[in-house]
Amino acid sequence: MVRQIRPSVWSSDQLERDVERSLSEFRERRFAESHAGYVSIFERYRVHVRNLLEESDNLQGLVSVVRQYVLDDEKCYALRYLASPYISDDDLKVLADVKLSASAFDSDPEVANRIVKVVSANIDPWRFPWFHENRLPTDGELRIAIVSTTALIASSRSQTQRRSDAKIRQEAEIAQALEEVGLCRVGRRAVDTPNRAPNIGEFCLESALGNHKADLIARLYDGRILAIEAKVSNSAVNSYKRVNHDTVAKVTGWLSQFGTYGVVPAAVLSGVFKVQNLIDAQESGLALFWSHDLGQLQDFIRLTREA
C-alpha cells in the first residue's frame, strides 16, 4: 500500500509566528498602496454623476434617463448612490417589482416610474437638499453633491477592486508555485468524480469539485486530489467567515464525497487571521499554508512524489 503523506498540522506557536508575519506583510502592502487606483475610479464615476444630474434636470426628470442609467454597468452606480444607503440591484428589483432588463422596459411602460419612485423616496437629503425642498440647486450644492456622491462610489468600488486584485495576485502566486514544483497547468473542468480531476502532476484553476468550487485543483503524485482555496483576509472577523465558515463547509463536502484518502482540502492564507480560528479549521480537516511561505506547499507536494 502506498504511504500517504499528510500535510503538517501546525502548533499554536507556529501559527502565532505565521499570523504575525502575515499581518506584518499585510500592513506593508497597505502602506505602500498607491492612491492612483482610487483617483482613477473617482474621475471615471464623477463623469457619470455629473451627467446624471445634468441629464435629469438636477433630479427633477429622473424618469427620462432612468433606463440608460439602470441598464449600463457603469452608469448604474450614479443612480443607485443617489440614495443613502445606496440601493443594491436586488433591493431595486424587489422594491420596484421589476426586472432590470431592456425587455422589461420595452414590455412594461411603468417600469421607469416604479424605479424612480423607489430612488426618489431614498435620495439623500444632505447631499441633495434642493430635491426635497423642491427648488433649484445652487452651484455650491451641485459641486458638493457631485464630489460627495462620487467619493462614496469610488470608495466602495476601490475596496471591491482591492479585494479582487488581492485574490487574483494570490492565485497567480499559487499557480506559479505549483509550476515551479513541476506541476503542469491544464484547462478548467468540472470534477464530479476522481477520474475527471487533472492527471497526476497537473493542476487547473478555479473549477467545480463535487458540489463546491475550488480556487485551484491539483493531482498529487500519490493520486490524491489537492483542493486549494486562496484566502485573503483584512480582519480576524472576516477571516472567520472566509475560513471557518465558508471553507470548512467545502471541506466537509469534499471529504464526504471523495474521502480522506481521495482529497486533501487546503487553504493558502494571506492577510489578517486569528490563531484560534486557524486551530479550529485544522481540526476540521483543512491543511494550512501561507502566501509568504509557499515553499511549505511545494515541500508537501514533493513528499507525495517520494511516498
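Look above for the structure.
My aim in this report is to walk through the structure given alongside it, one point at a time. (Residues numbered from 1 in each chain as written. Predicted model: local features only at pLDDT ≥ 70, side-chain atom pairs only at ≥ 80, totals over all residues. Heavy atoms only, no water.)

**Quick notes on the packing of aromatic side chains**
Keep this limit in mind: A pair of aromatic rings is counted whenever rings of Phe, Tyr or Trp (Trp by its six-membered ring) have centres within 6.5 Å, and the orientation is called stacked for planes under 30 degrees apart, edge-to-face for over 60 and tilted otherwise. For every residue, the accessible area obtained with a 1.4 Å probe (protein chains only) is divided by the maximum for its type, and the residue is called buried under 20%, exposed over 50%, and partly exposed between those limits.
This model, assessed by the stated rule, comprises six aromatic pairs. Geometrically, the ring pair formed by Tyr81 and Tyr86 is stacked, given 4.8 Å between the ring centres and 5° between the ring planes. For Tyr81, a relative accessible area of 7% corresponds to the buried category. Residue class for Tyr86 comes out partly exposed when judged on its relative accessible area of 40%. Seen in terms of ring centroids, Phe289 and Phe300 are 6.2 Å apart; in terms of plane orientation they differ by 35°. Their pairing is tilted.

**Re helix 1 (residues 12–32)**
The criterion, for reference: Each helix is a run of H or I in the DSSP string that is no shorter than four residues. Each strand is a run of E no shorter than two, and both are numbered from the N terminus. Expected helix span is computed as 1.5 Å times (number of residues minus one). Each direction from the helix axis to a C-beta atom contributes to the arc, which is the arc of those directions.
Spanning 21 residues, helix 1 covers 30 Å between terminal C-alpha atoms, matching the ideal 30 Å at 1.5 Å per step. Turning to helix 1, its buried residues number three or more, namely Leu15, Asp18, Val19, Ser22, Leu23 and Phe26. The buried residues of helix 1 all sit within an arc of 140° when viewed along its axis, so they share a single face. In helix 1, the exposed positions angled more than 90 degrees off the buried face are occupied by Asp13, Arg17, Glu28, Phe31 and Ala32.

**Focus on the sheet that holds strand 3 (residues 212–219)**
Under the convention used in this document: Here, a strand pair is defined by DSSP locating no fewer than two bridges between the strands. Contacts are assigned to residue pairs that have any heavy atoms within 4.5 Å of one another. What counts as an axis is a line fitted to C-alpha atoms, over the stretch in contact for a helix, and the angles between N-to-C directions run from 0 to 180 degrees.
Ordered in space as 1-2-3-4-5-6, the six strands form an open sheet in which the pairing is mixed. Strand pairing shows two members of the sheet lacking a second neighbour, strand 1 (184–185) and strand 6 (287–290), which therefore form its edges. Sheet analysis places strand 3 next to strand 4 (residues 225–233), joined by four bridges and oriented antiparallel. When the bridges of strand 4 are listed, Ala218 appears paired with Leu226. Against the sheet, helix 1 engages strand 4, strand 5 (263–271) and strand 6, with an angle of about 50° to strand 5. Of the strands in this sheet, strand 1, strand 2 (202–209), strand 3, strand 4 and strand 5 touch helix 9 (residues 139–180), which is tilted by about 145° from strand 4.

**Topic: the nonpolar core**
The condition is simple: Each nonpolar core is a collection of buried residues, namely Ala, Val, Leu, Ile, Met, Phe, Trp, Tyr and Cys, held together in the definition by side-chain atoms within 4.5 Å.
Grouped together as the largest cluster of nonpolar side chains are 39 residues, with contacts concentrated most on Leu59, Leu62, Leu82, Ile115, Val119 and Phe128. For this core, the secondary structure elements donating two or more residues are helix 2 (36–55), helix 3 (66–71), helix 4 (76–80), helix 5 (89–96), helix 7 (111–121), helix 8 (129–133) and helix 9. Once residues lying within four places of it in the same chain are set aside, the contact partners of Leu59 are Leu53, Leu82, Ile123, Phe128, Trp130 and Phe131. Counting 24 residues, the second largest nonpolar core, distinct from the first, contains Leu216, Ala287, Leu294 and Ile301.

**Considering the environment of Val272**
Here Val272 shows up in the loop between strand 5 and helix 11 (275–283). Put simply, Val272 and Ser24 are 248 residues apart on the chain and 9.1 Å apart in space, counted from C-alpha to C-alpha. In this structure, Val272 is in contact with Leu23, Phe26, Ser233, Asn234, Ser235, Ala236 and Ser239, ignoring residues within four places of it in sequence.

**Overview of the packing of helix 5 against helix 7**
For any two helices packed against each other, one specifies the crossing angle of their axes together with the interaxial distance. Quick reminder of the rule: Left-handed describes a crossing whose near helix is turned anticlockwise from the far helix by less than a right angle; the clockwise case is right-handed. Under the scheme applied here, ten amino acids are nonpolar (Ala, Val, Leu, Ile, Met, Phe, Trp, Tyr, Cys and Pro), four are charged (Asp, Glu, Lys and Arg), and all others, including Gly, are polar.
Across the interface, helix 5 lies against helix 7 with an axial gap of 9 Å and an inter-helix angle of 115°. Where helix 5 crosses over helix 7, the handedness of that crossing is right-handed. On helix 7, the residues that touch Leu92, Leu95 and Ala96 of helix 5 are Arg114, Ile115, Val118 and Val119. Residues that form the contact of helix 5 with helix 7 fall into these classes: six nonpolar, no polar and one charged.

**Here's the deal with the side chain of Thr150**
In this fold, Thr150 is placed in helix 9. When its relative accessible area of 0% is taken as the criterion, Thr150 is described as buried.

**Considerations on the pairing of strand 4**
What counts, and what does not: Handedness of a crossover is defined as follows: with both strands directed away from the viewer, a clockwise route from the first strand across the helix to the second makes it right-handed.
Judged by how many residues are buried, strand 4 sits mostly within the fold: eight of nine residues are covered. Running through helix 10 (residues 236–258), the crossover from strand 4 to the neighbouring parallel element strand 5 is right-handed.

**Some points on unusual backbone geometry**
Ser84 connects to Pro85 through a cis peptide bond whose omega is -5°. Along the polypeptide, Pro85 turns up in the loop between helix 4 and helix 5. Look at Asp97: it is not a glycine, yet its phi comes out positive at around 55°. Relative to the helices and strands, Asp97 resides in the loop between helix 5 and helix 6 (102–107).

Keep in mind these values describe shape, not function.
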